[in-house]
Amino acid sequence: MRSNFVSKQSVQYRVWDDGQCAAVVNSVFRVLERTGCLVHHKKALELLKDAGCSVDGERVRFPSSLMQWAVNSAPSTFALYDRFGKPAMKLEPYVSNFGPTMGDTFILDHETGEKRRGVKADVVNAALVMEACANLSYASGLTIISDAEPAISEVHEVHTILPILTKPIIYWAQNIDNLRDMVEMFEAVAGSPEKLAEKPTSFCLVCPVDPLVHTDNGITQIMYLAEKRLPMVYIPGISFGCTGPITMAGNVVIGVANTLVGLLVSQLTRKGTPFIASKFTDNMDMASGMISHSLPELFLVNAASADVFRYLGIPSMLNMGGTDAGVFSQGYVFDVAMGYYTAVLSGSNINWGLGSMEAGNSSSLLDLVFGNEVLSFINAVTDGIEVSPYTLAEDVIDSVGPGGNFFGEAQTAKHMREFWKPTVLKSQGYDQWHAGGGKDIDARLKDRVNEIIAKGVQKPLSDDIVKKLDAILGKAKKRVKDNPGAATSGGH
């Protein structure tokens, strides 16, 4: 006899089992202990040496026991919050969150299709669209602002989107000064540094530039964020046969090794700092040098990386949302659908790249709306089916009997509106398509984007907080004007 029997199994798959993940992690630890890496940061070198690392100039080798300590010290789960202090993103095993790309050079104009440099108005529109897309867990500025001071373009970006968004925000910084400005903005919205640390509403992207090399700029940002107890994601980009081994397992090993050094520095700076591990995968065509973000090897290696990070108990972020296509096309649709579906099946925590086209070179507002609908469909497919006495519906079947129909049943009336319905993806039948003006998917996506933009900001910030943000931006502008030569940095 079963009591309170309910079963609902979501769809998922793994590339590596726990035994294979253990073998990969052991390999990562051996690489860090044997080969080590370069750390271009004086204070971090002292910190690492005091913790037991072997330090020879800037070459550092790491005891496996210390790396395991760092893994155990970081939170295995945590949440990111919306502007109102409610959990908006859960970073825990098999919970998949999706969000946009960031910092793309070009944007495809949603009205004309023209490929051009992004401007501040595009960032405003992108924030409005992201806020309206229910299946995007976090938001960003999408494209680099070309009509602002280049040295503080990302400060302009955060200043522009904060009054529009309630969702968690991903951001990046050219240098520590810009990072401080943006953190000050987030603190102003939260109410205080303590409130922001208690319920973080943003996470910062920091990138090591080269494999097994950690820059002064990147480590400085990690240590600053750790001191503030603010979340960060440390993203090495690993290309097959270029910045990493051409073998899939070796590619994962060097990527995980890279991000774990950032984890260690964050935990040595402040134990318990929320950290998001990462490994972005690139396919590079050896003949042309072109990068791809949507080939099957990328999806497979990212899914395997999700297995490893889950095995370690560290939240992670992977590039699973982009396409190589430069226009909306059949290839574009295939890339997006396969990437999102693989991400959901693998249970990767944060999946980056919605809106990203041409392997991260350009972005599109139409892509955000299309991606939001695809995710809605995939969520319905992967949610599983409940098995219980109620859903098995034996009494309903018996009541209707042979040859009957279920139109008039109370159970039908109760649940008939729960089936998934499209908004822009497709029309159900010729009559509905004709009644809607016979518009193709491009036109419907464009209409949806314009509808969102026309509605404007739904939950604006107070005038007092906006004034504080303006003052912080003004301070950044003055700093750049007074010290133009010291304003930019050579990388993350």
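Remember, predicted model here, so these are calculated numbers, not experimental data.

**Q** Requested: an account of the packing of aromatic side chains, with residues and values cited.
**A** Counted under the stated rule, the structure contains eight aromatic pairs. Centroid distance tyrosine 171 to phenylalanine 186: 4.8 Å. Interplanar angle 50°. Geometry classified as tilted. With a gap of 15 residues between them, tyrosine 171 in strand S9 (residues 169-172) and phenylalanine 186 in helix H6 (residues 176-190) connect regions that are remote in the sequence. Accessibility expressed as a relative area gives 1% for tyrosine 171, which makes it buried. Plain terms: the ring middles of phenylalanine 280 and tryptophan 352 are 5.7 Å apart, the flat faces sit at 55° to each other, and that makes the pair tilted. Of the two residues, phenylalanine 280 sits in strand S15 (residues 280-284) while tryptophan 352 sits in strand S18 (residues 350-354), which places them 72 residues apart along the sequence. Judged by relative accessible area, which is 11%, phenylalanine 280 ranks as buried. Here a set of aromatic residues connected by ring pairs shows up, and it is made of Phe328, Tyr332 and Phe370. The aromatic ring of tyrosine 94 is capped on one face by arginine 310, whose charged end is 4.0 Å from the ring centroid.

**Q** Break down the layout of surface pockets for me, with residues and values.
**A** Here the largest pocket is characterised by a volume of approximately 710 Å³. If you go around the largest pocket, you meet 30 residues; those closest to its centre are Leu205, Cys207, Ile235, Phe280 and Trp352. Elements supplying a minimum of two residues to the lining of the largest pocket: strand S13 (237-239), S15 and S18. Grouping the amino acids of the lining of the largest pocket by side-chain chemistry returns 14 nonpolar, 13 polar and three charged. As a volume, the second largest pocket reaches approximately 580 Å³. Lining the second largest pocket are 16 residues, with Thr391, Gln411, His415, Glu418 and Phe419 sitting closest to its centre. Counting only elements with at least two residues in the lining of the second largest pocket, the list comes to helix H13 (389-392), helix H14 (394-400) and helix H15 (410-415). The greatest single-element share of the lining of the second largest pocket, amounting to three residues, is contributed by H15. The class makeup of the residues in the lining of the second largest pocket is eight nonpolar, four polar and four charged.

**Q** Could you give an account of the packing of helix H3 (residues 64-73) against helix H9 (residues 248-269), naming the residues involved and the relevant values?
**A** Relative to each other, H3 and H9 sit at 70°, their axes nearing to 9 Å. Relative to H9, the element H3 is oriented roughly perpendicular. Taking contact as the criterion, the partners of Leu66, Met67, Trp69, Ala70, Val71 and Ser73 in H3 are, on H9, Leu260, Val261, Leu263, Leu264, Gln267 and Leu268. Within the contact of H3 with H9, the residues separate by chemical class into 10 nonpolar, two polar and no charged.

**Q** Requested: an account of the sheet that holds strand S20 (residues 362-364), with residues and values cited.
**A** The strand order S8-S7-S20-S19 describes an open sheet built from four strands, whose pairing is mixed. The open sheet has two edge strands with one neighbour each: strand S8 (115-117) and strand S19 (356-357). The pairing of strand S7 (residues 106-108) with S20 spans three bridges and is classified as parallel. What sits directly across from isoleucine 107, in S20, is serine 363.

**Q** Help me get a handle on the environment of threonine 35, residues and values and all.
**A** On the secondary structure map, threonine 35 appears in the loop between helix H1 (18-34) and strand S1 (37-39). Linking threonine 35 and glutamate 386, residues 351 residues apart in sequence, is a C-alpha distance of 50 Å. Here threonine 35 is in contact with Arg30, Arg59, Arg61 and Leu212, once residues within four sequence places are set aside.

**Q** Tell me about the packing of H6 against helix H8 (residues 216-228), and please be specific about residues and values.
**A** For any two helices packed against each other, one specifies the inter-axial angle together with the distance between the axes. At a minimum axis distance of 10 Å, the contact between H6 and H8 shows a crossing angle of 25°. Taken as axis vectors, H6 and H8 run roughly parallel relative to one another. In this structure, H6 meets H8 at a crossing whose hand is right-handed. Between H6 and H8, the contacting residues are Ile176, Leu179, Arg180, Val183 and Glu187 on the first element and Asn217, Thr220, Gln221, Tyr224, Leu225 and Lys228 on the second. Tallied by class, the residues present in the contact of H6 with H8 amount to five nonpolar, three polar and three charged.

**Q** Describe the nonpolar core, and please don't skip the residues or the numbers.
**A** With 119 residues, the main nonpolar core has Phe62 and Leu225 as its most contacted residues. Counting residues per element, this core draws most heavily on H9, at 10 residues. Those residues within four positions of leucine 225 in sequence are excluded, and the remaining contacts are Tyr171, Leu179, Val183, Cys204, Val206, Leu230 and Met232.

Each value, and the rule that gives it
Residues numbered from 1 in each chain as written. Predicted model: local features only at pLDDT ≥ 70, side-chain atom pairs only at ≥ 80, totals over all residues. Heavy atoms only, no water. Phe/Tyr/Trp six-rings, centres within 6.5 Å; stacked < 30°, edge-to-face > 60°. Helix = DSSP H or I, 4+ residues; strand = E, 2+ residues; numbered from the N terminus. Buried < 20%, exposed > 50% of the residue type's maximum accessible area, 1.4 Å probe, protein only. Lys NZ or Arg CZ within 6 Å of the ring centre and 35° of its normal. 1 Å grid on protein atoms, 1.4 Å probe; cavity = no way out; pocket = protein on both sides within 12 Å on 5 of 7 lines; lining within 4 Å. Points joined across faces, edges and corners; volume = space filled by probe spheres on them. Nonpolar A, V, L, I, M, F, W, Y, C, P; charged D, E, K, R; others polar. Axes fitted to C-alpha atoms, helices over the stretch in contact; angles between N-to-C directions. Parallel < 35°, antiparallel > 145°, perpendicular 65-115°, else oblique. Contact = heavy atoms within 4.5 Å. Pairing = 2+ DSSP bridges. Left-handed = near helix turned anticlockwise from the far one by under 90°. Core = buried A, V, L, I, M, F, W, Y, C linked by side-chain atoms within 4.5 Å.

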